[in-house]
Amino acid sequence: MNRSLLLKLLSAAIVFGAWEIAGRVPVSYAFPTFLDSMTALFAMSIDGTLLRAYGETLRPLVAGIAISALLGIVIGLWIGLSEFCDWLFSPIFIVMQAAPLAALIPLLVMAYGIGLTSKVFVVCIMAMPVIVLNTASAVRNTPSSLKEMGRSFLGSDFDIVTRIILPSASPIIFSGLRLGISAGFIGAILAELKITPTGVGDIITYSRSIADYPSMYAAIFSIILLAVLFLNLLERLEGQLFAGNNRGYVSD
Amino acid sequence: MQETTVAMSRTESARRDADPSGPQGAAVDNAVSVRCVSKTFGSVEALKNLSLDFPRGELTSLLGPSGCGKTTLLKIIAGLLEPSSGRVEVGGEAVTGPGPDRAFVFQDFALLPWASVLRNVAFGLELRGMAKSEREAIAEKHICEVGLAGFEHSYPHQLSGGMRQRVGLARALAVDADVLLMDEPFSAVDEQTRRKFQEDLLDLVRNERKTFIFVTHSIEEAVYVSDQIAILLPRPSRVSEIIRPSGFRDKGADNLRRDPEYLDIVDSIWASLRSYVE
Ligand SMILES: Nc1ncnc2c1ncn2[C@@H]1O[C@H](COP(=O)(O)OP(=O)(O)O)[C@@H](O)[C@H]1O
Ligand SMILES: [Mg+2]
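Quantities reported herein were computed from a predicted structural model and do not represent experimental measurements.

Before going further, it helps to spend a moment on the site of ligand 1. Residues and elements named next belong to chain B. As a matter of local geometry, ligand 1 sits amid Phe41, Val44, Ala46, Ser66, Gly67, Cys68, Gly69, Lys70, Thr71 and Thr72. Gly67 places a polar main-chain atom, nitrogen or oxygen, 2.7 Å from an oxygen atom of ligand 1. A distance of 2.5 Å separates an oxygen atom of ligand 1 from a polar side-chain atom of Thr72. Burial of ligand 1 by the surrounding chains reaches 58%, relative to a free accessible area of 560 Å². When residues in the shell around ligand 1 are grouped by element, the largest group, three residues, is from helix α3 (residues 70-78). Looking at the shell around ligand 1 residue by residue, the class counts come to four nonpolar, five polar and one charged.

Encoded structure:
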């Protein structure tokens, strides 16, 4: 535990060091140093700019991720359990995952306007397919002997889904959630850059237009930081829920 | 002397095959009886018109080369598979699905990797809706019984293969079913552990008033642990003979593997099986 924390700190130090050096060289006049960016980040946090921006950005992000996670797991479970649903829904999500999002945004705006709805849609389009597809394939690949065990010990269908299939699928479901949530963060920023500049997207657009690069990078850095924190939280949750799962499997 | 025992049991088996529902079935108290069961998977005929009785309180082995339908038969008895035709009776009632009178021990253990030993052993009771404290008390008892005291809070991956199968066995014992169905339970454990298991199994059969149906592909194992051995042969799948090793049961674990009758039966089974092994 301590060792992994140490490694994380070390890799962060290396990345930030490289950033600082690249900023000082400089690789481009538009590339600020790490310290300048951190100063800008600090300034934006103090004067409340960042807080206000996240008030805007988090709304479509949280809504989109919550919808994607809940709906994605339910639909994925359904697809994994029933061949009919697989036939019905799988193609939609495969197309959704492959579709170039930038091309879809004008259509979304046409249909739902430039408000919150469109942005939530963008987050969902980014986040949901991988959650659905991962859940479906994990559910489908539940070891059949575990399901048979559940049936032979008189488990109901509901018991077998909740006590065997979902816990057994949970490592892959969680990895889908991690990928989906990362994509959702990208989607949220993309929506703010492509639809209407609000929140963090607005800081990025505006500070670039006035060549305030440290602020621009500070905004980008803050969203990445938030994503990393969120993913760590998710990992912790997974560890709490299914203690035995991440310590190996019963199989020889 | 030994010859006669074997010969007699063969005659008996011939009689049972000829008239499976005859007076023989009524005289012996059968916990499970399989009547003319067939099972086809697509074009594969896994079982064809198979009839077999399992006397109460005894251990019956299903012995045969792999692919002859042992697992299929066991799953049909468990109610996990539906036979294409024929019927299975457990305690005089037709099987329509899994029931509280049967418990399964799986070849690959089928333990929940995310659950502790305690929860795994109590899992059958959990699925029956028993309260947590009650089922854990029962599970504790069976964990001790199979010799895993102290490992209640370990996870399956922290145990050896033999210990995992003890967990699988404790789980089956915990639901207190009349019939224990064991599908090659010792095939994934090492030879030393396996011998110990076989001895423990004999104690279990003697102490628990349960009927054991035990699938194995090991001739020695079948002869060592069984009250009755059904030899299954493939193509077409059938019970070719029923052997009841009887003379050496009380000779003690150490002498048993050297007993002449034991060795004779092993030899005669090998003689009838060898033509089916490539
Ligand atoms: N689910 C299945 N689908 C198709 N064929 C099967 C299935 N299960 C078993 N079989 C076939 O039935 C035959 C008997 O299998 P099985 O009962 O597993 O044999 P054993 O346990 O004696 O090795 C084999 O030929 C196997 O290929
Ligand atoms: Mg088998």
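Okay, the interface of chain B and chain A next. At the interface, 31 residues of chain B touch 25 residues of chain A. Both faces combined, the contact of chain B with chain A buries some 2,500 Å², and carbon together with sulfur accounts for 65% of it. There are two salt bridges connecting chain B and chain A. The shortest N-O distance in the salt bridge between Arg163 of chain A and Glu126 of chain B comes to 2.5 Å. Going through the elements one at a time, β6 (102-105), α4 (117-127) and α6 (161-174) of chain B are the ones with two or more residues in the side of chain B that touches chain A. With five residues, α4 of chain B is the single largest residue contributor to the side of chain B that touches chain A. In terms of residue class, the side of chain B that touches chain A is made up of 18 nonpolar, five polar and eight charged.

Residues and elements named next belong to chain B. Applying the stated criterion across every chain, the model contains zero disulfides over all chains. Note on Cys68: no disulfide assigned, nearest cysteine sulfur contributed by Cys36 at a separation of 19 Å. Look at Cys68 and you get buried, because its relative accessible area is 0%.

The subject of this paragraph is the pattern of salt bridges. A full pass over the atoms with the stated rule returns 22 salt bridges over all chains. Between Arg102 of chain B and Asp101 of chain B there is a salt bridge, with the nearest N and O atoms lying 2.9 Å from each other. Residue Arg102 of chain B is classed as buried on the basis of its relative accessible area of 6%. A relative accessible area of 22% places Asp101 of chain B in the partly exposed class. Residues Arg135 of chain B and Glu126 of chain B are paired through a salt bridge, measuring 3.9 Å at the closest nitrogen-oxygen approach. What makes Glu126 of chain B buried here is its relative accessible area of 7%. Shared partners join several salt bridges into a network, and the residues in it are Asp159 and Arg163 of chain A together with Arg119, Glu126 and Arg135 of chain B.

This next bit is on the side chain of Gln228 of chain B. Residues and elements named next belong to chain B. Tracing the backbone through its elements, the reader meets Gln228 in strand β9 (residues 228-233). Taking relative accessible area as the criterion, Gln228 reaches 0% and is therefore assigned buried. At 2.8 Å, the side chain of Gln228 and the side chain of Arg244 are in polar contact.

This next bit is on a nonpolar patch on the surface. All names here are of chain A. Nonpolar side chains collect at one region of the surface, where Leu7, Leu10 and Ile14 lie side by side and expose about 310 Å² of accessible area between them. Mapped onto the elements of the fold, Leu7 is located in helix α1 (residues 2-24). Classification of Leu7 as partly exposed rests on a relative accessible area of 48%.

Before going further, it helps to examine unusual backbone geometry. The bulk of non-glycine residues show a negative phi, and the bulk of peptide bonds are trans. With an omega dihedral of -15 degrees, the bond running from Val25 of chain A to Pro26 of chain A counts as a cis peptide bond. Relative to the elements of secondary structure, Pro26 of chain A occurs in the loop between α1 and α2 (34-46). We note that Glu184 of chain B has phi near 40 degrees; this positive angle belongs to a residue other than glycine. Turning to its location among the elements, Glu184 of chain B is positioned in the loop between β7 (179-183) and α7 (191-207).

Residues and elements named next belong to chain A. Contact pair helix α4 (residues 83-98) / helix α6 (residues 116-140): the axes reach a minimum separation of 9 Å and the direction vectors enclose 135 degrees. One element, α4, and the other, α6, form an angle in the oblique class. Seen along the crossing, α4 lies across α6 with a hand that is left-handed. Here Asp86, Phe93, Ile94, Met96 and Gln97 of α4 come into contact with α6, specifically with Cys124, Ile125, Met128, Pro129, Val130, Val132, Leu133 and Arg140. By residue class, the composition of the contact of α4 with α6 is 10 nonpolar, one polar and two charged.

Residues and elements named next belong to chain B. Judged by pairing direction, the sheet is antiparallel, and its four strands sit side by side in the order β2-β1-β4-β5 without closing on themselves. Each end of this open sheet is capped by a strand with a single partner; those strands are β2 (44-55) and β5 (93-94). Strand direction decides the pairing type here: strand β4 (residues 85-90) and β5, joined by two bridges, are antiparallel. The partner of Glu89 across the bridge, within β5, is Ala94.

Here we come to the pairing of β7 of chain B. Residues and elements named next belong to chain B. With five of five residues buried, β7 lies mostly within the body of the structure. Of the strand pairs in this sheet, β6 and β7 are connected by four bridges, and their pairing is parallel. The partner of Val105 across the bridge, within β7, is Met182. Two elements, β7 and strand β8 (residues 211-216), share five bridges in a ladder whose sense is parallel. The partner of Met182 across the bridge, within β8, is Phe214. Viewed along the sheet, the connection from β7 through α7 into β8 turns out right-handed.

Glancing now at the environment of Pro55 of chain B. All names here are of chain B. Structurally, the position occupied by Pro55 is in strand β2. The buried category is assigned to Pro55, whose relative accessible area is 4%. With 25 residues separating them in the primary sequence, Pro55 and Asn30 have C-alpha atoms 4.1 Å apart. Those residues in contact with Pro55 that sit more than four places away from it in its chain are Val28, Asp29, Asn30, Ala31, Thr60, Thr211, Gln228 and Arg244.

All names here are of chain B. The strand order across the open sheet formed by six strands is β6-β7-β8-β3-β9-β10, and the pairing between neighbours is mixed. Strand pairing shows two members of the sheet lacking a second neighbour, β6 and β10 (238-243), which therefore form its edges. Going from strand to strand, the sheet's axes swing by 20 degrees on average, the running direction of each strand aside. Pairing between strand β3 (residues 59-63) and β8: five bridges, direction parallel. Residue pairing for β8: Leu63 is matched across the bridge by Thr216. Lying over the sheet, α3 contacts β3, β6, β7, β8 and β9, oriented at roughly 150 degrees with respect to β7. Helix-sheet contacts for helix α10 (residues 260-273) involve β3, β9 and β10, and the interaxial angle to β9 is about 15 degrees.

Calculation rules
- Residues numbered from 1 in each chain as written.
- Chains lettered and ligands numbered in written order.
- Predicted model: local features only at pLDDT ≥ 70, side-chain atom pairs only at ≥ 80, totals over all residues.
- Heavy atoms only, no water.
- Near = heavy atom within 4 Å.
- Polar contact = N/O pair within 3.5 Å; in protein donor to acceptor, adjacent residues only side chain to side chain.
- Areas by Shrake-Rupley, 256 points an atom, 1.4 Å probe, with all protein chains shown as cover.
- Helix = DSSP H or I, 4+ residues; strand = E, 2+ residues; numbered from the N terminus.
- Nonpolar A, V, L, I, M, F, W, Y, C, P; charged D, E, K, R; others polar.
- Contact = heavy atoms within 4.5 Å.
- Buried area = accessible area lost by both parts, 1.4 Å probe.
- Salt bridge = Lys/Arg side-chain N within 4 Å of Asp/Glu carboxyl O.
- Disulfide = S-S within 2.5 Å.
- Buried < 20%, exposed > 50% of the residue type's maximum accessible area, 1.4 Å probe, protein only.
- Patch = residues over 30% accessible without salt bridge, like charges linked within 9 Å, V, L, I, M, F, W, Y side chains within 5 Å.
- Axes fitted to C-alpha atoms, helices over the stretch in contact; angles between N-to-C directions.
- Parallel < 35°, antiparallel > 145°, perpendicular 65-115°, else oblique.
- Left-handed = near helix turned anticlockwise from the far one by under 90°.
- Pairing = 2+ DSSP bridges.
- Right-handed = clockwise from strand over helix to strand, strands pointing away.

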